[in-house]
Amino acid sequence: MTTHDGNMAQSVSATTSEQPLLQARGIIKRFGKFVALHGVDLQVYPRTVHSVIGPNGAGKTTLFHTLTGTLMASEGSILFDGQEVTQEADHQRVQRGIARSFQVTSLFTNLSVRENLRLAAQGVHRSGAFDCWHAPTGARSHAEVVDTAMERMGLTRLAGVAAGALSHGQQRRLEVGMALAARPRAIFLDEPTSGMGVDDLDEMKHLIRGLRDDHTVVLIEHNMNIVMDISDTITVMQQGRVLVEGRPNDIRNDERVRAAYLGNMITGGRA
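Residues numbered from 1 in each chain as written. Predicted model: local features only at pLDDT ≥ 70, side-chain atom pairs only at ≥ 80, totals over all residues. Heavy atoms only, no water.

Engineer: Hey, could you run me through the side chain of Arg93 in this one?
Structural biologist: Its place among the elements puts Arg93 in helix α2 (residues 90-96). We note that Arg93 is buried and unpaired, the nearest opposite charge coming from Glu88 at a distance of 5.3 Å. Of note is the side chain of Arg93, whose polar atom sits 2.9 Å from the backbone oxygen of Leu67. Of note is the side chain of Arg93, whose polar atom sits 3.0 Å from the backbone oxygen of Thr86. Not counting chain neighbours up to four residues away, the residues in contact with Arg93 comprise Thr66, Leu67, Thr68, Gly69, Met72, Ile78, Val85, Thr86, Gln87, Glu88 and Ile98. (Helix = DSSP H or I, 4+ residues; strand = E, 2+ residues; numbered from the N terminus. Buried < 20%, exposed > 50% of the residue type's maximum accessible area, 1.4 Å probe, protein only. Lys, Arg positive; Asp, Glu negative; His and termini not counted. Salt bridge = Lys/Arg side-chain N within 4 Å of Asp/Glu carboxyl O. Polar contact = N/O pair within 3.5 Å; in protein donor to acceptor, adjacent residues only side chain to side chain. Contact = heavy atoms within 4.5 Å.)

Here it is in structure tokens:
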């Protein structure tokens, strides 16, 4: 387990010979005089589920924004596949293989499931993102990518249905599918189960766990049952800093984590 209250111990994943796919070093983010992130370090290894948890205001979403390029870090460095991406915009990072979903569902509600996925696939490269002058046929239909995403998200039978007519759980799956349609190496999921009913939670949990077969997953999630069941590594944040990092069992039994915000809720439910 890695601690951040003194000397840093060896990361749980660093015992392998594999290099991190994503490495953040000393990430600081300021908004005027307010410091949201205080020198955050993070290493995410290929084909793992790496969850970032913490109470509201811990800095989780701000960290996501800086890692994916929605916000620029004030200080520090971000490496993706060994390449410096700290000053790259979000669309440049998408082209490198970083995709994300958002906490609030963001879909084209009047377009079909297939069209939402096609636009996500088309938008990877800026030159084709807003090409509205040519019919989406042939290569521009991105049929193989779209069909694969629909099948993986269990949406094939809903291909022609408008996104606005889907249930909330189906909309969340579509949003994850749109991130997949960008053909990413790393996919960032910001509370993908937010607002879901009990019936949808298990399905989404299995879907996220299955993504690890082909992708690296970085996850913000408040549902502790899901976090503990599917994560390889968990980073706990508090007040813009990394409090502790480790495997699920380490985090479950760490008194500092309990004291920070989980208490007895670590055994299940939301925090």
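What follows continues from the structure just given.
Engineer: What is the right way to read helix α5 (residues 143-152) from this model?
Structural biologist: Because an α-helix completes one turn every 3.6 residues, residues spaced three or four positions apart along the sequence face the same direction. Burial in α5 covers these residues: Val146, Ala149 and Met150. Looking down the long axis of α5, one finds its buried residues gathered within 100 degrees of arc, a one-sided arrangement. In α5, the exposed residues that point more than 90 degrees away from the buried face are Glu144 and Glu151. Next to the buried residues of α5 lie α3 (113-122) and α6 (168-181). (Arc of directions from axis to C-beta.)

Engineer: Even after reading the chapter, I still don't get the sheet that holds strand β6 (residues 83-84), so can you show me in this structure?
Structural biologist: Sheet strands associate in pairs through backbone hydrogen bonding, adopting either a parallel or an antiparallel arrangement. The sheet built from four strands is open, its strands ordered β3-β2-β5-β6 with antiparallel pairing. The open sheet has two edge strands, β3 (34-44) and β6, and neither has a second partner. Pairing between strand β2 (residues 22-31) and strand β5 (residues 75-80): five bridges, direction antiparallel. Within the sheet, the bridge partner assigned to Ala24 lies in β5 and is Ile78. (Pairing = 2+ DSSP bridges.)

Engineer: Explain the nonpolar core to me, please; I cannot follow it from the model alone.
Structural biologist: Soluble globular proteins tend to bury their nonpolar side chains together. In terms of nonpolar packing, the biggest core is built from 35 residues, with Val113, Leu117, Leu174, Ile187, Leu189, Leu211 and Val217 touching the most fellow members. Elements with a contribution of two residues or more to this core: α3, α5, α6, β8 (186-190), α7 (198-211), β9 (216-220) and α8 (224-230). Here this core gets six residues from one element, more than from any other, and that element is α6. Setting aside chain neighbours within four positions, we find Leu211 in contact with Arg152, Met153, Val176, Leu180, Ile187, Leu189 and Val217. Grouped together as the second largest cluster of nonpolar side chains are 24 residues, Leu63, Phe80, Val218 and Ile220 included. (Core = buried A, V, L, I, M, F, W, Y, C linked by side-chain atoms within 4.5 Å.)

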